Each structure stands twice: as C-alpha cells, then as structure tokens.
Amino acid sequence: MLFNTYWVLFLLPLAALPLLLERTHSRTYSWTQLLPRDRLSDLMGLLLKILAALALLFIILGIAGPHTAAQKVEKVGEGAQIVLTIDRSASMDDPFSGAMISGRAGESKSAAARRLITDFVSQRKNDMFGMVTFSNSAMYVMPLTQSREAILAAIDAAGGPGLFQTNIGSGLTTALGMFAKTPDSGSRALVLLSDGAGRMGTDAQQKIRDWLDRMNVTLYWIVLRQPGAISIFDEEYKPPEDQPLPPSIELHQYFKTLRSGYQPYEADDPQSLALAIDDINRKEMKPIRYMEQIPGNDFTSHCFALAALMIAALLGIKLLEVKTWR
Amino acid sequence: MIEGQIKEFTYQIGWRSRGRHPGRHASAQRGLGMDFRGHAPLISYPDPRRIDIRQTIRDPFDQVWVRIFNQRSAVPVFVACDLSGSMGFSGQMRKLEIAAEITASAAYSAFRVNDPFGFIGFDEQVREDWMFMSSTKVHGAFELTERLAAHRPGHIGAAGLNDVSQYLPRERSLVLLVSDFHTPLEQLERHLGSLMRHHVVPLILWDAAEYRNLPEFGIASVTDCETGARRTLFLRKNFRERILQAFDDRRSALEKLFMRFDMPPLFIEDGFEADDLTEYFYQFVAA
C-alpha cells in the first residue's frame, strides 16, 4: 500500500479524538448510577464513538491517497524500436523522378515520405518510434516512445521548407543517441530517408560504426533518387578523372563495410518507396519483449465512500436522538 | 420572594421542647402556660396566684397547694439544604427553586409562631457562605432564598450532610432536610445517624423528568450532575420500564431507611404545596 501524500498520515492520531473527548451536547442527569445498566445503551455509546473515529480515520486515509504500486508485466510481441531519420533538405520538396507515371505529379518527395511513413507507423502497433530530422544539422524531434499520437504528430510536423544542406553524419549520431537512452528490446532499426547524401568525416564514420555495432542497430537507407541521378547500386560507375566518387556512392560503400545489418533501398516514385517500407516492415518482425505498465488501484474513493457511510450512520443515529426530554 | 406569596404551613412537635423562650410548642419549662403538670406546696413554689383551693381543702395535713403549669416554648426550626450537583437538575422545575420555596415557607411559618429559624447549606462539606444563623428575625433568610433559587451547583457531591449536626444547636430542633437523596444508601444511613438527636423531616425532591416523563424512544447522552460521568442512553420501552422499576425500588428503599430512623419522608415531585407539609405534621406527629 502506497500513499500519495505521506505526511497526511501524521494526522492519523486525530482519529482517536472521538474516543478521548466526550460529546459536548449532553443533558445533565441528576444521578446516572440510579439508572439501571443497559447493555444496548452502552453498546450504542461505544458504536457512536467508533463510528466517529472510523469516519475520521477514513477521511484522513482518503486525503493521504492510498493506492497499490503500479505493476510491470513483461509481454512478448512483434515489433521494434525504430528511429526515423528524415532528410529535410530543400530538394525533398521536389517531385519524384517518375512523377509522370505515378499520376501524382504534384506530390513532393517529403509529402510522399510523410504519407507512407504515417501508414507504416499506423500499421505497427507494438513498436517504439523515435524521430530525428536533419538538414544542415540534426533536429531532435521525438525520443523513442510508444505513444502513437505523439509520433504521428511529429511526422506531420516534419513538413515545411528546409535548407540546402544534407548533414547525414549529425542526423545519424543524434538518432543513435536515442537508442543509448532506451533499453534494448531485441530489435532495433534506424530508417534513414534521404535524397542524395553528404560527406562525413572519418571521425563521424568511426563513431557511427562503433555505435551501430554496440547498440545492435540495423540501418535501412531509403534513397529518394533525383531524376537522372546516379544509382547507388551502379557498380560500374567511374567518376571522371581527378574527381572523387559522388557522395551517395561513397556513403553506400561506407555503409556496406558496417558489421551490423545494412539494407539500402532506392525509390524513384511513391510505389517503390512503399515497397521499400513494406520490406522494412516485414524484416523488423522479430519478437520483442517489453514491459507493460499496469497502473495500481486507487483506493481514495473507497476511503471517502466508507467515511461517507460512517457519517450517514452517525446522522441516522442523530435522527434518533432525543429532542424533547420534557 | 414577596411575603404575600409565601405559603405557610403549620407544624407541631411530638416531644417537649426545652427552650426557655415562650412559643407555641409543648415544653418542659415551668411557666405561665395552660399545660397542667401537678401540684406543689406553696412553700416550695411561692406563687399565690395559682393556689388550688380545692386541693388545699381536701388535704388532711392543711398544706397549701399550688398548681404548676408548663409554659409553651419556642422550638428552633432549621432547613438543611443539599446544594450538591444533582440539586441543580432542572426538569419541570429546578430543584433548588423548590428548595428555596420550601425555605421561604419554613422561615415564614416559623416567624409566624415566634420560632427561631436557621438555614444550613451543604455539599461536600457544610458551606459557611450558605449559612443563616438561627434567629427570629427572618428577613435575612428571605434574601438567602433568592440567592438559593439562582444558585448553579457544580459537579459536587453531598457528603457534607455528615457535618450538619455540628452546626445545629444542642437542644432538640426541628430540621427540614431538603435533598433528593441521590446518594448511596449506606452513606446516607451513616449520615442520618448523626442527626438522631433532632426531629428530622426528610423532604425528598424528585422530578418527573427524572423517570416518569422520560422520552418514549431515542438516544440521549447524559452527564451525571455530581461526578460528571457520561453515559449514552438508548431509551426504549423495555429500558424505560426498568428505569421506572429502579426508581420505585429506590423509593421503597428510601422509605424503609427513613422509617428505621423514625423520620417519615415526604416526597415532593410536582412543586411544593405548603398544605402537604401541614398534612404531613398532622399525620405523623401527635400534637
């Protein structure tokens, strides 16, 4: 049994007051010893005191707010801890390369991504989601949470114009930082949704490698391809003389060297994006253990109800009280 | 209390007073009375006004005889009043108001027949401030009765009855003992023993609200007037009957006890009537 406000319990001795003090309104009688002993009367007198004491006791207990402790029940379900890392650079507001075919010419990449990810989040009931957006630097939006409304609202809020830079390193480290604060449930995924890529320093690369490894996180990279841009799966691509590899291919090469899981997708229209997300949905279906909190029972209202009952009984007896003695 | 409203009763005593002051009561004092006691020679009682000629002629030894009479004397009248907590009980009337009425009546009745009147109040002990010295000038007593009617006693007992005899005169007096006698019988018996020298008339003040006029049904919390102890009473038919029975038993027990001391008690329950007291004296005291 726990109490919300423990100090109120110090008032508990007050409940003994009716036992110690006598009732003030009392008639004088010349000689009570002359009245014969009456067991029922004595019982009634005792009952009055006990009722009053109990009423006070339950009121004080009610004020203290008794409840049982919240219980944690371990449940096994299918789901994962997923951090959505979404690119908010200005190029995300452009339409897909395959816009003419999909018939949704007006839908920008970010809008499509938001729509599909909203569906994805709605499908997965047991998952914990976190969210980070990034453009020139990472923006910590929502830590890993089970609250559906919060994450859907966060996804909804991720729209709007962004900047022209793509700082992938910062986005990834911020996203990985979320896993550090939450215990591992068995299945962890980082969904990186971006168009194009940026370069990362070797320090950032090393840090990300370490963290992915240590936290056992699978990385899913969905590249929303520009029309006519180079595919990251193009093994044959040779950059022009004296030019470095394009950043997306370089990043792909780097991701492939990760020891933890990595799965790239390339989407140039909403359908292929949906397919990629479906694939992630399928893959991240390992059973996970998680603790569900069952709130404790609150006994406050019970206490007050009992006190009310006692007071009602007292009032009932009060009605029986002699009003006209003579 | 205005004198016109004071009820007067007549009283007599069944014994001979030794008081020297002339009064209305049978006396053992020789004097100018109508109470023929016998003859004495003129030599030993030289009062030629009372020569009994018939007795003198009949005497073969030619002695001159004189008739001897006893005078009628005054008898001190006292009211000994219980001032304990239970006397503060007010039912249909406050008991102390009735006690004040009795006191005034007794003072006035004594004054009318030239008897000295005194008042002794007691609770746990005899209260010096509730004392009125025996006197034929009774106006002080009337002032005292007013004080008495307004008195509110605290939680206090009535054990002072034991000491009342020390404040009474040596000569036999008429003592109206006003109390409700709500004390244990053994204690009362002990105290009454100290008053045997005097002619005691116990006036027992009970109130109908104490037992006969109890509520039919209900719960009441009561405080004892004398000890301050509390009790809760759940009044109902059965319990009321038992209370009535307890008071009936108490009444017969008190009557039995007082009769053992030859002090027939007078119960006063519905206000004081002086005629009741007059009747009491006619009934129990042979003139």
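Keep in mind it's a predicted model, so treat the numbers as computed, not measured. (Residues numbered from 1 in each chain as written. Chains lettered and ligands numbered in written order. Predicted model: local features only at pLDDT ≥ 70, side-chain atom pairs only at ≥ 80, totals over all residues.)

**Looking at the overall build of chain B**
And then number 1: Counting its regular elements, chain B contains seven helices and eleven strands.
And then number 2: A burial count over chain B gives 39% of its 287 residues as buried.
And then number 3: The long-range fraction of contacts in chain B, counting pairs at least 24 apart against all pairs at least 6 apart in sequence, stands at 76%. (Helix = DSSP H or I, 4+ residues; strand = E, 2+ residues; numbered from the N terminus. Buried ≥ 20, exposed ≤ 12 C-beta atoms within 10 Å, placed from the backbone. Contact = placed C-beta atoms within 7 Å.)

**Observations regarding the overall build of chain A**
And then number 1: A count of helices and strands for chain A gives ten helices and eleven strands.
And then number 2: Restricting to contacts in chain A with at least 6 residues of sequence separation, those with at least 24 account for 84%.

**Here we look at the sheet that holds strand 5 (residues 81–87) of chain A**
Residues and elements named next belong to chain A.
And then number 1: Strand order in this open sheet of six strands is 7-6-5-8-9-10, and the pairing throughout is mixed. Looking at which strands have only one partner, the edges of the open sheet turn out to be strand 7 (138–145) and strand 10 (262–267). Strand-to-strand, the axes of this sheet are offset by a mean angle of 15 degrees, without reference to chain direction.
And then number 2: Sheet topology note: the strand 8 (residues 188–194)/strand 9 (residues 218–224) ladder contains six bridges and is parallel. Its bridge partner lying in strand 9, Val-191 is registered against Tyr-220.
And then number 3: In the packing of helix 9 (residues 270–283) onto the sheet, the strands contacted are strand 8, strand 9 and strand 10, and the crossing angle to strand 10 comes to about 160 degrees. (Pairing = 2+ DSSP bridges. Axes fitted to C-alpha atoms, helices over the stretch in contact; angles between N-to-C directions.)

**A word on the interface of chain A and chain B**
And then number 1: Opposite the 25 residues of chain A that make contact, chain B presents 31 residues.
And then number 2: When residues of the side of chain A that touches chain B are traced back to their parent elements, those giving at least two are strand 2 (27–29), helix 2 (39–64) and helix 10 (300–320) of chain A.
And then number 3: For the side of chain A that touches chain B, a count of residues per class yields twelve nonpolar, seven polar and six charged.
And then number 4: Where strand 2 of chain A and strand 9 (residues 218–224) of chain B come together, three bridges link them in parallel fashion. In the strand pairing of strand 9 of chain B, A:Arg27 is matched with B:Val222. (Nonpolar A, V, L, I, M, F, W, Y, C, P; charged D, E, K, R; others polar.)

**A word on the sheet that holds strand 7 (residues 174–179) of chain B**
Residues and elements named next belong to chain B.
And then number 1: The strand order 6-5-4-7-8-11 describes an open sheet built from six strands, whose pairing is mixed. Two strands lie at the open edges of the sheet, namely strand 6 (126–135) and strand 11 (266–268), each paired on one side alone. With direction set aside, neighbouring strand axes in the sheet form an average angle of 20 degrees.
And then number 2: Where strand 8 (residues 199–205) lies against strand 11, three bridges are found, and the strand directions are parallel. For Ile-204, the partnering residue across the bridge sits in strand 11 and is Phe-267.

**Observations regarding unusual backbone geometry**
Residues and elements named next belong to chain B.
And then number 1: Positive phi outside glycine occurs at Asp-62, with the angle close to 55 degrees.
And then number 2: Tracing the chain through its elements places Asp-62 in the loop between helix 1 (53–58) and strand 3 (65–70).
And then number 3: The exposure class of Asp-62 is exposed, given the 7 C-beta atoms found within 10 Å.
And then number 4: For Asp-262, which is not a glycine, the phi torsion comes out positive at approximately 55 degrees.

**Quick word on the packing of helix 2 (residues 95–112) of chain B against helix 3 (residues 139–149) of chain B**
Residues and elements named next belong to chain B.
And then number 1: Contact pair helix 2 / helix 3: the axes reach a minimum separation of 8 Å and the direction vectors enclose 170 degrees. In terms of orientation, helix 2 lies roughly antiparallel with respect to helix 3. On the side of helix 2, the interface is formed by Leu-96, Glu-97, Ala-99, Ala-100, Thr-103, Ala-104 and Ala-107, while helix 3 contributes Ala-141, Phe-142, Thr-145, Leu-148 and Ala-149.
And then number 2: Within the contact of helix 2 with helix 3, the residues separate by chemical class into nine nonpolar, two polar and one charged. (Parallel < 35°, antiparallel > 145°, perpendicular 65-115°, else oblique.)

**Some points on the nonpolar core**
And then number 1: Counting residues in hydrophobic clusters, the biggest one holds 67 residues, and the most contacted among them are B:Ala80, B:Ala99, B:Leu176 and B:Val178.
And then number 2: If we skip the residues at most four places from it in the chain, B:Ala99 touches B:Cys81, B:Met87, B:Leu148, B:Val178 and B:Leu205.
And then number 3: With 52 residues, the next largest nonpolar core counts A:Leu116, A:Met178, A:Leu193 and A:Ala267 among its residues. (Core = buried A, V, L, I, M, F, W, Y, C linked by C-beta atoms within 7 Å.)

**Some words on the environment of A:Asp268**
Residue and element names in this part refer to chain A.
And then number 1: Mapped onto the elements, Asp-268 comes out in the loop between strand 10 and helix 9.
And then number 2: Here Asp-268 falls in the buried class, since 23 other C-beta atoms lie within 10 Å of it.
And then number 3: When the C-alpha positions of Asp-268 and Asp-195 are compared, they lie 9.8 Å apart, and in sequence the two are 73 residues distant.

**As for the environment of A:Ala55**
And then number 1: Along the chain, the position of A:Ala55 falls in helix 2.
And then number 2: Residue classification places A:Ala55 among the buried positions, given that 21 C-beta atoms sit within 10 Å.

**Here we look at the confidence of the model for chain B**
Where the model shows low pLDDT, its predicted coordinates should not be examined in detail.
And then number 1: With 98% of its residues at a pLDDT of 70 or more, chain B has an overall mean of 90.
And then number 2: Interface confidence for the predicted complex, given as ipTM, is 0.73, next to a pTM of 0.64. (pLDDT = per-residue confidence, 0-100.)

**Some remarks on helix 6 (residues 168–180) of chain A**
All names here are of chain A.
And then number 1: Between its terminal C-alpha atoms helix 6 stretches 19 Å, which fits the 18 Å expected from 13 residues at 1.5 Å a residue.
And then number 2: Those residues of helix 6 that fall on the buried side of the exposure criterion are Ile-168, Gly-169, Gly-171, Leu-172, Thr-174, Ala-175, Leu-176, Met-178 and Phe-179.
And then number 3: Tucked into the core, helix 6 has its buried residues touching strand 5, strand 6 (128–134), strand 7, strand 8, helix 7 (202–215) and helix 8 (247–256). (Expected span 1.5 Å × (residues − 1).)

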